[in-house]
Amino acid sequence: PLVLGIETSCDETGIGVVRGHTLLADAVASSVEEHARFGGVVPEVASRAHLEAMVPTIERACQESGIKLHDVDAIAVTSGPGLAGALLVGVAAAKALALGLDKPIYGVNHLASHVAVDQLQHGPLPEPCVAMLVSGGHSSLLKVTDITVGVDPMGATIDDAAGEAFDKVARLLGLGFPGGPVIDRTATSGSSIAIDFPRGLTARRDLERHRFDFSFSGLKTAVARWIEAKERSGEPVPVADVAASFQEAVVDVLVRKALDAASSEGIEDIVIGGGVAANSRLRVLAEERAAKLGILVRVPRPGLCTDNGAMVAALGSEMVARGRTPSALDLPADSSQPVTSVLA
Ligand code: ATP
Ligand code: MG
Ligand code: FE
């Protein structure tokens, strides 16, 4: 099936075109620079930017893919979770297209899309698999048996998301927003073993109740304390070492728990998705440790990990291919759509 996907859950206006598992276009307009001076995404600014970018980005995706809008078999759109006003812009645009073109509409879950996107690069999703979703707002381990039906949560963060931790620590280090990419770059010139930062929820007593859960707020506090102590002593803060050691603490826990989750289920495939999956150290460490256990790790290329429209089209295409019933034309945007409800 030929599917056009629309993503507006946060600050990226993404329009993707997919045929089956083949990516034909991935047009993204980001308002990230407009938010940078506020140190985080401003919902009102994001909504307005989506409105302005929507039509030009759809046109760009059509050009890139060489398709005409009436060629598509379906329109897929992110129905949630995300910023309410931002989601509404995408959902309204999708409804207008579906109605005008007389095509079915699929309102799909942003988080499931972060997982489904991998098939554009590596072919059909291995099912069952363990998916690790690590993004700006979420950090979860999921068991996926059929991505178009639902996912079973195995664990999640009990406080901050992994991406949120990257953003907060980057701010502590004065590195700007968003923090993930800049910490990733800065860390390459630092030592990951310079500072022994805590690994959240890995102590034996924590594992009893939180074997597949994450916690990153203690780590963030530990980094803040460490920087304060350094500053009090009048010594310069070794920014690259802090970045590398912090990154190692996050990535070490993520990889350990993902592998444990797969092993516990007797599953040999792990798919990692979401913005933090773009992290270069996470990709290397996951691959390295998984190989020793005979587990296969799939991570899409960085451009497909952060928010985009191709991921929505990828999941939409799978919905059509597996004969799922489309959403109603009055489908709502659901800012707190749970990870378990894949189709709105
Ligand atoms: P959600 O998907 O939970 O709704 P979101 O859509 O805002 O949240 P994404 O766009 O998937 O999140 O990811 C953005 C997050 O990924 C930010 O927190 C950003 O710092 C982080 N990120 C991006 N690139 C990297 C990287 N190379 N290393 C670590 N983190 C990264
Ligand atoms: Mg973003
Ligand atoms: Fe996202």
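Residues numbered from 1 in each chain as written. Chains lettered and ligands numbered in written order. Predicted model: local features only at pLDDT ≥ 70, side-chain atom pairs only at ≥ 80, totals over all residues.

Turning to the pairing of strand E4 (residues 74–80), a few remarks are in order. A large share of E4 lies buried, amounting to seven of its seven residues. Relative to E4, strand E1 (residues 2–7) runs parallel, the two sharing four bridges. The residue bridging glycine 5 from the neighbouring strand is alanine 76, located in E4. Note that E4 and strand E5 (residues 105–109) share five bridges and pair parallel. Residue pairing for E5: threonine 78 is matched across the bridge by valine 108. Tracing the backbone out of E4, into helix H3 (residues 84–101) and back to the parallel element E5 gives a crossover that is right-handed. (Buried ≥ 20, exposed ≤ 12 C-beta atoms within 10 Å, placed from the backbone. Helix = DSSP H or I, 4+ residues; strand = E, 2+ residues; numbered from the N terminus. Pairing = 2+ DSSP bridges. Right-handed = clockwise from strand over helix to strand, strands pointing away.)

On the basis of which strands lie adjacent, the open sheet formed by five strands has the order E8-E7-E6-E9-E10 and mixed pairing. The two strands at the open ends of the sheet, each matched to only one other strand, are strand E8 (150–156) and strand E10 (296–298). Sheet twist, expressed as the average angle between the axes of neighbouring strands with direction ignored, equals 25°. Judged from the three bridges that link them, strand E9 (residues 269–273) and E10 form a sheet pairing that is parallel. Across the sheet, isoleucine 270 pairs through a bridge with valine 297, a residue of E10. Helix-sheet contacts for helix H10 (residues 239–265) involve strand E6 (129–134), strand E7 (139–146), E8 and E9, and the interaxial angle to E6 is about 155°. (Axes fitted to C-alpha atoms, helices over the stretch in contact; angles between N-to-C directions. Contact = placed C-beta atoms within 7 Å.)

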